[in-house]
Amino acid sequence: MSANSRLTIAAHALTWIGLYQRRGHEVATSEQIATSVNTNPVVIRRLLAKLSKAGLADSRRGAGAGWMLARDLAAITLLDVYQAIEPGPVFALHRATPNPECVVGHGIGPAMTAVYDDVEAALHRELAKTTLEDVLRDVLKAA
């Protein structure tokens, strides 16, 4: 099972757009962003469409088409980005109901749900602490 990189790619794209705009550019193309992320522009467009729907990015069509931030980097948390691209829970229970006649099958759902709820709450708390402005600051420090 491979790790999910959508949050990282979405944070990368939005942070890149924010820096690009600070350097005097109005909009960024998905091709430009994809070059920084080292992925296909289609991947970027799909993620940015979700981010746009969540009010984090805007697009311009026609001449001078491209993407821009809908909010300042300081007003976008990693939780905002996460919720825009990963709307469901982190973990799920069985697809099919386990055997209720089995002691483990009967009790596994409530036991795991309690753990998963705590993990989800901790994840949300941690992601809410970091803005994309924080990410950009740390990126520029490392440069």
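Refer to the structure presented above.
Because the structure is predicted, anything quoted here is derived from the model rather than measured. (Residues numbered from 1 in each chain as written. Predicted model: local features only at pLDDT ≥ 70, side-chain atom pairs only at ≥ 80, totals over all residues. Heavy atoms only, no water.)

Asker: What should I look at first to understand the overall build of the protein chain in this one?
Answerer: When its secondary structure is counted, the protein chain shows six helices and two strands. Reading the helices (α) and strands (β) of the protein chain from amino to carboxyl end gives α-α-α-β-β-α-α-α. Relative to the compact-globule value of 15 Å for 143 residues, the protein chain shows a C-alpha radius of gyration of 19 Å, a clear excess of over 25%. Dimensions of the protein chain along its principal axes, counting C-alpha atoms only, are 65 × 30 × 25 Å. Within the protein chain, the proportion of its 143 residues that are buried is 31%. For the protein chain, the proportion of contacts with a sequence separation of at least 24, taken over those separated by at least 6, is 63%. When the accessible area of the protein chain is evaluated, it comes to approximately 9,000 Å², of which 57% is carbon and sulfur surface. Computed over 15 positive and 14 negative side-chain charges, the inter-centroid distance for the protein chain is 7 Å. (Helix = DSSP H or I, 4+ residues; strand = E, 2+ residues; numbered from the N terminus. Rg over C-alpha atoms; globule rule 2.2 N^0.38 Å. Buried < 20%, exposed > 50% of the residue type's maximum accessible area, 1.4 Å probe, protein only. Contact = heavy atoms within 4.5 Å. Areas by Shrake-Rupley, 256 points an atom, 1.4 Å probe, with all protein chains shown as cover. Lys, Arg positive; Asp, Glu negative; His and termini not counted. Charge placed at Lys NZ, Arg CZ, Asp CG, Glu CD.)

Asker: Teacher, can you tell me more about the packing of helix α1 (residues 6–22) against helix α2 (residues 30–37) here?
Answerer: For any two helices packed against each other, one specifies the inter-axial angle together with the distance between the axes. The geometry of α1 relative to α2 is characterised by a closest axis approach of 10 Å and an angle of 120 degrees between their N-to-C directions. With respect to α2, the axis of α1 lies oblique. As α1 packs across α2, the resulting crossing turns out to be right-handed. Taking contact as the criterion, the partners of I9, H12, A13, W16, I17 and Y20 in α1 are, on α2, Q32, I33, S36 and V37. (Axes fitted to C-alpha atoms, helices over the stretch in contact; angles between N-to-C directions. Parallel < 35°, antiparallel > 145°, perpendicular 65-115°, else oblique. Left-handed = near helix turned anticlockwise from the far one by under 90°.)

Asker: How should the pairing of strand β1 (residues 57–60) be read in this particular structure?
Answerer: Looking along a regular strand, one sees side chains alternate from face to face of the sheet. In this sheet, strand β2 (residues 66–69) lies alongside β1 in antiparallel orientation, the contact comprising four bridges. Note that in β2 the partner of R60 across the bridge is G66. Hairpin connection of β1 to β2: five residues between the antiparallel strands, including G62 at a positive phi of 80 degrees. (Pairing = 2+ DSSP bridges.)

Asker: Quick question: what am I supposed to make of unusual backbone geometry here?
Answerer: Both trends apply: most residues other than glycine have a negative phi, and most peptide bonds are in trans. In this structure, N38 takes a positive phi of about 65 degrees despite not being glycine. Looking at the secondary structure, you find N38 in the loop between α2 and α3 (41–53).

From the geometry alone we can't say anything about function, so treat these as descriptive.
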